[in-house]
There are 2 protein chains.
Amino acid sequence: MKEVTLKEIAQELGISITTVSKALKNYTDVSPKTRKAVLKLAHKLDYKPNSFAVNLRTQESKTIGLIIPEIVHHFFSSIVNAIIEKAEKKGYLVITLQSNESLELEKKQIDLLLDKRVDGILISLSNNTKTIEHLQKVIDHNVPLVLFDKITKLLNCSKVVIDDRKAAYDATCHLINSGCKKIAHIRGPLNPQNAIDRFLGYKKALEDNKITFDKSLIYTCEKVTFEEGYGFAKQIHTEQKDVDGVFAVTDPVAIGVIAYFNEVGIKIPQQISIIGFSNWFMSSVISPSLSTIDQPGFEMGKSALKLLLKEIKALKKHKEFQHQTIVLPTGVIKRNSTLNYFSKN
Amino acid sequence: MKEVTLKEIAQELGISITTVSKALKNYTDVSPKTRKAVLKLAHKLDYKPNSFAVNLRTQESKTIGLIIPEIVHHFFSSIVNAIIEKAEKKGYLVITLQSNESLELEKKQIDLLLDKRVDGILISLSNNTKTIEHLQKVIDHNVPLVLFDKITKLLNCSKVVIDDRKAAYDATCHLINSGCKKIAHIRGPLNPQNAIDRFLGYKKALEDNKITFDKSLIYTCEKVTFEEGYGFAKQIHTEQKDVDGVFAVTDPVAIGVIAYFNEVGIKIPQQISIIGFSNWFMSSVISPSLSTIDQPGFEMGKSALKLLLKEIKALKKHKEFQHQTIVLPTGVIKRNSTLNYFSKN
DNA sequence: GTGCTTTTCGAAAACGATTTCGTTAATAAT
DNA sequence: ATTATTAACGAAATCGTTTTCGAAAAGCAC
């Protein structure tokens, strides 16, 4: 099935390719009569512009690149969901890649996207991204770049984040307000800014409530998984530290903690309270349901895309563009893994 | 930052564009000396072929399209995961779109991908896909097409599926073997083949075990959600039908069922056994953990992509290609929401 | 009819790579 | 020395669209 081109339409009507092109693109210098004829034939032949040619000529691909650490992740798949949907509505398609938390892959994928000449790139950094030359390269190539969620402050570009520090502060305060005196924190890896900020928020909450920080109550995840949560819960239990509250860096870890305490018959939230982070779907359906932090994935995807498209548009018009950092609000979701303070005593 | 072209390399070396192109592409008619010079300069200038031009010239995009009903779904995100990863290794990038279970969107997206001139399309159909002209169009345009998971038998193309009927049969038999006598089935919508096949497998299992089929024990989901599962469980409970087993069309529904029975204090699996389908991550961490069917998402993505790339390659060489249907194996995962038959009595 | 403006059109040059085919120069064969 | 062969290169067409710029045609005023 041969695809229809401008040339064929032109020949059939006995006019030039130029005129056909103009007729289809609302140029003013084509008479109503010929325009109508062109439109009619184009429709009849189901003419579709060859995107390869359009790309080459206009130097834009109407495609954006998206790199995330992992797609099989409720939070990230929500973000991808938002981005794909909104992009489509604005006439852009999305090429998605996942770095699997590997800096090497991330670099390679940036190159792939630049080679493809995408019109812009959205990225949430891997946990192992410690250097930023590959990201700087994007900017140097004049390709708009927006970082979201897992970002670096070292880069001069637009960003969309939540206030991890404040959210963690709120989560910890919720534990304190519900009566917890000795709160353990299962934190994320040492490198990513999120994990650091959440740790700092936890620490600040203790300070503000006159609870002395105890380094031995900090447990550090590598993979941030259910299994690690389960393991640390066991450790907390056997170490006998009278811990009465756990703030976990993310829901799967918190659920691992719950699973362990359920198993050994420790009552949640009566004996120990647990709070997670991110509000994964499953958190509302486990028992007890998990209190957690609402992290607006869909909103984040939407905002990041919006910023990117704005920058793409500005670039196209050769206008200056002011980079922005958008901080989205979070909230504490109180469920049954923590006591609410009406039932404190 | 201006991108380097063949022309610039040619000018700098005082040779023709043709020779530069050939030197970079292992043509035999260029002397070792000039080849070395070209390679060196190309590397120094960080030359990258303009993909727009390459696309136009070679008439291929090295891009494939992927349409799924919903990405925020453990099974589908696993598939996407596999496809993206394997495609990248084979030199293809993936444009992902989601139909949100809408036929209209699905049609539009097929058009978008054809307009983009992707080299092939992978699709899992929406629940509302009752017509197939838009899919036939893909084939008519000579674009390789592979259906996976949610397919239609009406189309002559390659497919990758599981044997839903057998899997459902196995799930139901597991309930029967563990002592259930009266088994309800919460099925999926009436249209998609999967839901039909699972229902048929359930029915066959009853037959083979001399249990008479009772139409009133069939409950039909529309959205296939946790909430529906919860609602139907309530209905089952209030209708007082002495049901001692539930086979749910998919895990979230089963988890809704578990949530309800947990809430009203009915013991699982002692009083009622539950089995789901798909093995979502959360199914292993809820309490009681959910017995379910292992549906190999990653494998499915891998196989579908492999078939697609084979067909793309065959098309490129103008060779005949024999469409295949691959059926992937499933298994019953026995957890704590069903009795295993050692403890039957 | 002359001069002027306004419509309407099309030739041609991009965009950047690939590939066919022809040409020259160098080498081998006779 | 002459012819045949091979090695090395490049001109030019092609992919299909967009857009600039110039030219022809038509309309209008005088």
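Preceding this section is the structure that the text describes.
Undergrad: Quick question: what am I supposed to make of the protein's contact with DNA strand D here?
TA: If you check the shell around DNA strand D, you find 26 residues, and the closest are Leu6(A), Tyr47(A), Arg57(A), Thr19(B) and Lys22(B). For DNA strand D, the fraction of atoms within 4 Å of the protein that belong to sugar or phosphate moieties is 56%. A distance of 3.4 Å separates a phosphate oxygen of DNA strand D from a polar atom in the backbone of Asn50(A). One of the side-chain N or O atoms of Asp29(B) is found 3.0 Å from a base nitrogen in DNA strand D.

Undergrad: Just checking my understanding: could you explain a positive patch on the surface for this structure?
TA: Side chains of Lys62(B), Lys90(B), Lys302(B), Lys306(B), Lys310(B), Lys313(B), Lys317(B) and Lys319(B) sit close together on the surface and give a patch of like positive charge. Tracing the backbone shows Lys306(B) in helix 12 (residues 297-316).

Undergrad: Looking at this structure, I do not really get the sheet that holds strand 8 (residues 245-248) of chain A. What am I missing?
TA: Adjacent strands of a sheet form backbone hydrogen bonds with each other and so pair up, either parallel or antiparallel. Residues and elements named next belong to chain A. With parallel pairing, the four strands of this open sheet are ordered in space as 7-6-8-9. Strand pairing shows two members of the sheet lacking a second neighbour, strand 7 (218-220) and strand 9 (273-275), which therefore form its edges. Taking each pair of neighbouring strands and ignoring which way they run, the sheet shows an average axis angle of 15°. Pairing analysis gives three bridges linking strand 6 (residues 183-187) to strand 7, with the strands arranged parallel. Across the sheet, residue Arg187 finds its bridge partner in strand 7, namely Thr220.

Undergrad: Is there a simple way to explain the packing of helix 6 (residues 103-115) of chain B against helix 7 (residues 133-140) of chain B in this structure?
TA: For any two helices packed against each other, the geometry comes down to the angle between their axes and how far apart the axes lie. All names here are of chain B. Viewed as axis vectors pointing N to C, helix 6 and helix 7 meet at an angle of 15°, and their least axial separation amounts to 9 Å. Accordingly, the angle class assigned to the pair helix 6 and helix 7 is roughly parallel. Classified by chirality, the crossing of helix 7 by helix 6 is left-handed. In this structure, helix 6 uses Leu103, Glu106, Lys107, Ile110, Asp111 and Leu114 to contact helix 7, whose residues at the interface are His134, Leu135, Lys137 and Val138. Along the lines of polarity and charge, the residues of the contact of helix 6 with helix 7 split into five nonpolar, one polar and four charged.

Undergrad: Where do I start with the sheet that holds strand 8 (residues 245-248) of chain B in this structure?
TA: Residues and elements named next belong to chain B. Strand order in the open sheet made by the four strands is 7-6-8-9, with parallel pairing throughout. Two strands bound the open sheet, and with one partner strand each, they are strand 7 (218-220) and strand 9 (273-275). Averaged over all adjacent pairs, the angle separating strand axes in this sheet is 15°, with direction ignored. Here strand 8 runs beside strand 9; their pairing, made up of three bridges, is parallel. Paired with Gly245 across the bridge in strand 9 is Ser273.

Undergrad: What should I look at first to understand the relation of the copies chain A and chain B in this one?
TA: Placing chain A over chain B gives an RMSD of 0.1 Å and needs a rotation angle of 180°, together with 0.0 Å of translation along the axis. These values place the two chain copies in the arrangement generated by a two-fold rotation axis. Interface overlap between copies is the fraction of interface residues in one copy that are interface residues in the other; for chain A against chain B it reaches 100%, indicating a shared surface.

Undergrad: Would you mind going over the protein's contact with DNA strand C with me for this structure?
TA: Surrounding DNA strand C, one finds 26 residues, the nearest of these being Thr19(A), Lys22(A), Leu6(B), Tyr47(B) and Arg57(B). What you see for DNA strand C is that sugar and phosphate hold 59% of its atoms within 4 Å of the protein. Within the backbone of Asn50(B), one N or O atom sits 3.5 Å away from a phosphate oxygen of DNA strand C. Those elements that place two or more of their residues in the surface near DNA strand C are helix 2 (17-24) and helix 4 (51-58) of chain A together with helix 2 (17-24) and helix 4 (51-58) of chain B. No other element matches the four residues that helix 2 of chain B contributes to the surface near DNA strand C. For the surface near DNA strand C, the per-class residue count stands at 10 nonpolar, 10 polar and six charged.

Undergrad: Which parts of the structure should I look at to understand the packing of helix 2 of chain B against helix 3 (residues 32-44) of chain B?
TA: Residues and elements named next belong to chain B. Where helix 2 contacts helix 3, the axes come no closer than 9 Å and their chain directions differ by 85°. When the axes of helix 2 and helix 3 are compared, the pair comes out roughly perpendicular. Residue-level inspection shows Val20, Lys22, Ala23 and Leu24 of helix 2 in contact with helix 3, the latter providing Arg35, Val38, Leu39 and Ala42. Class assignment of the residues belonging to the contact of helix 2 with helix 3 gives a composition of six nonpolar, no polar and two charged.

Undergrad: Even after reading the chapter, I still don't get the interface of chain A and chain B, so can you show me in this structure?
TA: Where the parts come together, the accessible area they lose is often given as the size of the interface. The interface is formed by 47 residues belonging to chain A together with 47 residues belonging to chain B. When the buried area of chain A at its contact with chain B is split by residue, Phe52(A), Leu93(A) and Arg117(A) rank highest and sum to 16% of it. Asp115(B) serves as the salt-bridge partner of Lys48(A), at 3.7 Å between the closest nitrogen and oxygen. Put simply, chain A and chain B have 14 residue pairs in polar contact (both at pLDDT 80 or more) between them. With eight residues, helix 5 (residues 74-89) of chain A is the single largest residue contributor to the side of chain A that touches chain B. By residue class, the composition of the side of chain A that touches chain B is 21 nonpolar, 16 polar and 10 charged.

Undergrad: Even after reading the chapter, I still don't get unusual backbone geometry, so can you show me in this structure?
TA: Trans peptide bonds make up the majority, and among non-glycine residues the majority have a negative phi. Note the cis peptide between Ser287(A) and Pro288(A), where omega equals -5°. In this fold, Pro288(A) is placed in the loop between strand 9 and strand 10 (292-294). With an omega of 5°, the peptide bond between Ile268(B) and Pro269(B) qualifies as cis. Considering the arrangement of structural elements, one finds Pro269(B) in the loop between helix 11 (251-263) and strand 9. Its identity as a non-glycine residue notwithstanding, Val224(A) has a phi of 60°, on the positive side.

Undergrad: I keep staring at the side chain of Ser337(B) and nothing clicks. Help me out?
TA: Residue and element names in this part refer to chain B. Residue position: Ser337 is located in the segment after strand 12 (331-333). For Ser337, a relative accessible area of 0% corresponds to the buried category. There is a polar contact of 2.8 Å between the side chain of Ser337 and the backbone nitrogen of Ser291. Apart from the residues within four sequence positions on either side, Ser337 is in contact with Ile258, Ile268, Pro269, Ile272, Ser273, Ile274, Pro288, Ser289, Leu290 and Ser291.

Criteria and cut-off values
- Residues numbered from 1 in each chain as written.
- Chains lettered and ligands numbered in written order.
- Predicted model: local features only at pLDDT ≥ 70, side-chain atom pairs only at ≥ 80, totals over all residues.
- Heavy atoms only, no water.
- Near = heavy atom within 4 Å.
- Polar contact = N/O pair within 3.5 Å; in protein donor to acceptor, adjacent residues only side chain to side chain.
- Patch = residues over 30% accessible without salt bridge, like charges linked within 9 Å, V, L, I, M, F, W, Y side chains within 5 Å.
- Areas by Shrake-Rupley, 256 points an atom, 1.4 Å probe, with all protein chains shown as cover.
- Salt bridge = Lys/Arg side-chain N within 4 Å of Asp/Glu carboxyl O.
- Lys, Arg positive; Asp, Glu negative; His and termini not counted.
- Charge placed at Lys NZ, Arg CZ, Asp CG, Glu CD.
- Helix = DSSP H or I, 4+ residues; strand = E, 2+ residues; numbered from the N terminus.
- Pairing = 2+ DSSP bridges.
- Axes fitted to C-alpha atoms, helices over the stretch in contact; angles between N-to-C directions.
- Parallel < 35°, antiparallel > 145°, perpendicular 65-115°, else oblique.
- Left-handed = near helix turned anticlockwise from the far one by under 90°.
- Contact = heavy atoms within 4.5 Å.
- Nonpolar A, V, L, I, M, F, W, Y, C, P; charged D, E, K, R; others polar.
- Least-squares fit on C-alpha atoms with pLDDT ≥ 70 in both.
- Buried area = accessible area lost by both parts, 1.4 Å probe.
- Buried < 20%, exposed > 50% of the residue type's maximum accessible area, 1.4 Å probe, protein only.

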